[in-house]
Amino acid sequence: KMEFTPDWEQDNGRLLSNVKGSVLSIPFKGTHTAVIGESNPHSGYARVSLLDAKKDTVYVSLVDFYSKYPEKAIRIMTPEMPEDNYTLLIEVTGIMPVWTDKTKAVYGSDNSFVTVDSIYYFEKSKRIEIEIIKNRSYYHEERTDKKNRNFCLSVGRSQLFICREFSCGDAY
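Conventions adopted
Residues numbered from 1 in each chain as written. Predicted model: local features only at pLDDT ≥ 70, side-chain atom pairs only at ≥ 80, totals over all residues. Heavy atoms only, no water. pLDDT = per-residue confidence, 0-100. Helix = DSSP H or I, 4+ residues; strand = E, 2+ residues; numbered from the N terminus. Contact = heavy atoms within 4.5 Å. Buried < 20%, exposed > 50% of the residue type's maximum accessible area, 1.4 Å probe, protein only. Lys, Arg positive; Asp, Glu negative; His and termini not counted. Salt bridge = Lys/Arg side-chain N within 4 Å of Asp/Glu carboxyl O. Phe/Tyr/Trp six-rings, centres within 6.5 Å; stacked < 30°, edge-to-face > 60°.

A. Inspection of the confidence of the model for the protein chain at higher detail. For the protein chain, per-residue confidence averages 80 on the pLDDT scale, and residues scoring 70 or more make up 72% of the total. The spread of mean pLDDT over the elements of the protein chain runs between strand 15 (residues 158–163), the lowest at 35, and strand 6 (residues 45–51), the highest at 98. Here residues 131–172 scores under 50 on pLDDT; set against residues more than four positions off or in separate chains, the count is 93 contacts.

Structure representation (structure tokens):
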């Protein structure tokens, strides 16, 4: 069951927060996860962690949700691990990516939002969407090749092909 601090709000079927320390926690049994979210001029960084069954951190990454123009895409795919029980943590860092030029003009984000549209977790034989966020305002499709090894998540105008050595079977 997904849990999150009260600072996360639901908006059009997605979760978002700009409060430093806000955490979204998703337990799952599988090998890895993918987080689909929106980057935009109002977004910042998220700390994405993967905890094992003993609650030891086995992976952590700082993920940038900022972009000059809004774009929904895969923000992170965690590394493939042995199939087991894990917990995915998405934490708002409160950090806004900003920079200056030689004239001291400031560029970058004007806030620190982290926006999550969908979360997927993967088992050895299938891909499963976590049934918390149902925003289908963008194009989404899964495919497998003739050997059932590849699949494609197409989000908005972006396409990302993710190749894994596993059989998709009848999961789709």
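B. Inspection of the side chain of Asp117 at higher detail. By the secondary structure assignment, Asp117 is in strand 12 (residues 114–123). Among buried charged residues, Asp117 stands out as having no salt bridge; its nearest opposite-charge side chain is Lys72, 4.1 Å away.

C. Geometry of the pattern of salt bridges. Counted according to the given criterion, the structure contains 4 salt bridges. Residue Arg14 is joined to Asp11 by a salt bridge in which the shortest nitrogen-to-oxygen separation is 3.3 Å. Judged by relative accessible area, which is 17%, Arg14 ranks as buried. Given the relative accessible area of 28%, Asp11 is considered partly exposed. Between Arg47 and Glu91 there is a salt bridge, and its shortest N-O distance comes to 3.4 Å. Linking Arg47 in strand 6 with Glu91 in strand 9 (residues 84–92), this pair joins segments that are 44 residues apart in sequence. Looking at Arg47, the relative accessible area reads 35%, which means it is partly exposed. Its relative accessible area of 24% is what places Glu91 among the partly exposed residues.

D. Molecular detail of the environment of Ala34. Relative to the elements of secondary structure, Ala34 occurs in strand 5 (residues 32–39). The exposure class of Ala34 is buried, given its relative accessible area of 0%. Counting along the chain gives 54 residues from Ala34 to Leu88, while the straight-line C-alpha distance between them is 9.9 Å. Setting aside chain neighbours within four positions, we find Ala34 in contact with Ile76, Met77, Ser118, Ile119, Tyr120 and Phe122.

E. View of the packing of aromatic side chains. Per the stated rule, a full pass over the model turns up 3 aromatic pairs. Each ring, one from Phe28 and one from Tyr121, has its centre 5.6 Å from the other, and the planes form 35°; the classification is tilted. You can see Phe28 sitting in strand 4 (residues 23–30) and its partner Tyr121 sitting in strand 12, a full 93 residues away along the chain. The pair formed by Phe28 and Tyr121 is uniform in burial state, with each residue classed as buried. One aromatic cluster is present, formed by Phe28, Tyr86 and Tyr121 through successive ring pairs.

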